[in-house]
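# Notes for the structure review
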Amino acid sequence: MHRALLISEVLSEIFVHVNENRSLQTGKKLSIEALARTCKAFHEPAMDLLWADLYGIIPLLGCVPRLHQLIYHTGSKLPPSDWSEGVDPLSEHEAHRFLHHAARVRSLHISCSADLHLFAILPIETCMFPRLLSLAFIVRRLQHKYLYIFLSPTLRRCVLSVINSDFKSFATRCVALEHLSLKIPEWERQSADNRTLLSDSVRLCKRLVTLSCLPLDWAAWKHLSDLPSLLKVSVCEPRSASRWSLDRDIVNFAHFLNVTTLSFDVNMAAYAITVMQHSEFPSLREFEVVADVLPCAEAEQLFRALSQCKANQTLEHISIAARFSKRSTQLLCFTHLRTVQLDLHHCIHIDNDLLLEVVSSWPHIRSLKLVDTKMPPTVTFRGLFAALRLCPHLHTLHILMDAVNIDIDPAAESFQHTTLHNLDLSQSDIEDAETVARIIFSVFPCIDRIPTQRDCWNAPIGFYKKWAEVNRHLGYLKSSAVVGGDITGTVAKS
């Protein structure tokens, strides 16, 4: 054996490469399993890779002789769902057998709770996965009591589905935790005690980089503002929950020096507004809000708070999906925006003047979605082209427009936008599909097709055939241009 293979770091790199390309080795013996059986020098590093990432614990339980017979007695790779019903829990000796390979696991996803009772007699201080880095524990509430078995002082990333009485101990045992996400089912009702427990537990996490959870109390927010490692915060409020609000008499201010991404998915925007009004985000680059209802007054408060949280020079991405009824100019002060997604509902007239005002304020815009499906579109081709002349870097555009009343002469139009690669007009009504196709072909040489109802399920069904016809004409024009040697997108005059 070559001396280089005796160096563990070199051997590990080779095995990692083999593991990443296993899908390319179909029909060949070259695999991690084969390497593990090759020689003693290969066995340990190969086994570490073989057990590094697991979806479920059945493969590990299969290492216990008593359970192996129950799991694989049919010869199938997948045992029946009720295979562990009535089976006695692991003994201390069997637990050691389980631990032999469990110690190799780095990433574990648990979504089936049927087998967790096999760990019932293990003491609470048991750490079955001492080198675990990532855990997704998505199980029923009653089975969440077995979470302690999977907790490790090395854990960096964790996804949970329940808040229970053991949640606080989770935070103290996983002192290295950097990424925490709570994916609570909509039907799980959360009490005030759960909110307090969550907030208290978050305050015990000292090294968080990303956090996705239910609404927190202000003490937790203040703690998060003191974490220099924190980069991303996402708050999601279950729609079945009662409205959660922060105290309005907050006097201390929170400075989130390094947070770059902040998002809220809430029933009402009052919670998000309060956080923004009492915080500063000088490094914020991405801001998202999804609200079921955003009344006019709250919309103004939200935009004003956003404009005053010291993110004017850093914010590049804004996404807002809500129902509000007043045109606001607060967002126009963010002149460094590169991505804007405004999915609005009711009473926002998007016309040529508004579109021109928007792109004039955002000279660096790369991706723009400006849609109000409840209002008739009044942006015309003339207004669209006037706006596009001001944003030469635009790559993606989703907008509603009046494609019925064509106010330009396709044959005389000389303007071309050569950087736009994605154009979504699928929710816009049209009549003359061929003319619209010629306009798109001549002005947007990089656009091959417009998304249709098959691509965008929000588009009205009646529009599908019309835009499919546009795409057929567009395909014909593209083919003709290639055959004729003209690939610039300009329609040759007959």
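Because the structure is predicted, anything quoted here is derived from the model rather than measured.

### Some remarks on the overall build of the protein
Helix and strand counts for the protein come out as 15 helices and 16 strands. For the protein, the share of sequence-separated contacts (at least 6 apart) that also reach a separation of at least 24 residues comes to 67%. Accessible surface, the protein as shown: approximately 24,100 Å² in total, 55% of it carbon and sulfur.

### Comments concerning helix α9 (residues 218–225)
Within α9, six of the eight residues are buried, which leaves the element mostly enclosed by the surrounding structure. Among the residues making up α9, those that are buried are W218, A220, W221, H223, L224 and S225. The backbone nitrogen of A219 has a side-chain oxygen 3.3 Å away, supplied by the residue at the start of α9, namely D217.

### Digging into unusual backbone geometry
Its identity as a non-glycine residue notwithstanding, K310 has a phi of 65°, on the positive side. A residue is classified by how much of its surface remains accessible, and K310, at 52% relative accessible area, is exposed.

### Observations concerning a nonpolar patch on the surface
Residues I7, V10 and I14 make up a contiguous nonpolar surface patch of about 210 Å² in total accessible area. Its place among the elements puts I14 in helix α1 (residues 8–20). Given a relative accessible area of 36%, I14 falls into the partly exposed group.

### Notes on the environment of D402
Note on placement: D402 falls in the loop between β15 (396–399) and β16 (422–424). Sequence separation of D402 and I430 is 28 residues, and the distance between their C-alpha atoms is 7.6 Å. When residues no more than four places from it in sequence are discounted, the contact partners of D402 are P377, V379 and T380.

### Some points on the nonpolar core
If you look at the biggest cluster of nonpolar residues, it comprises 154 residues, and the most contacted ones within it are F119, F150, W221 and F264. Ranked by residues supplied to this core, first place goes to helix α14 (residues 433–443) with seven residues.

### Some details on the pairing of strand β11 (residues 286–293)
Both strand β9 (residues 261–268) and β11 contribute to a ladder of seven bridges, which runs parallel. Each residue of the ladder has a partner; that of D265, found in β11, is V290. Of the strand pairs in this sheet, β11 and strand β12 (residues 317–322) are connected by five bridges, and their pairing is parallel. Bridge pairing in β12 places E288 opposite S319. A crossover links β11 with its parallel partner β12, the connecting element being helix α11 (residues 296–307), and its sense is right-handed.

How each quantity is defined
- Residues numbered from 1 in each chain as written.
- Predicted model: local features only at pLDDT ≥ 70, side-chain atom pairs only at ≥ 80, totals over all residues.
- Heavy atoms only, no water.
- Helix = DSSP H or I, 4+ residues; strand = E, 2+ residues; numbered from the N terminus.
- Contact = heavy atoms within 4.5 Å.
- Areas by Shrake-Rupley, 256 points an atom, 1.4 Å probe, with all protein chains shown as cover.
- Buried < 20%, exposed > 50% of the residue type's maximum accessible area, 1.4 Å probe, protein only.
- Polar contact = N/O pair within 3.5 Å; in protein donor to acceptor, adjacent residues only side chain to side chain.
- Patch = residues over 30% accessible without salt bridge, like charges linked within 9 Å, V, L, I, M, F, W, Y side chains within 5 Å.
- Salt bridge = Lys/Arg side-chain N within 4 Å of Asp/Glu carboxyl O.
- Core = buried A, V, L, I, M, F, W, Y, C linked by side-chain atoms within 4.5 Å.
- Pairing = 2+ DSSP bridges.
- Right-handed = clockwise from strand over helix to strand, strands pointing away.

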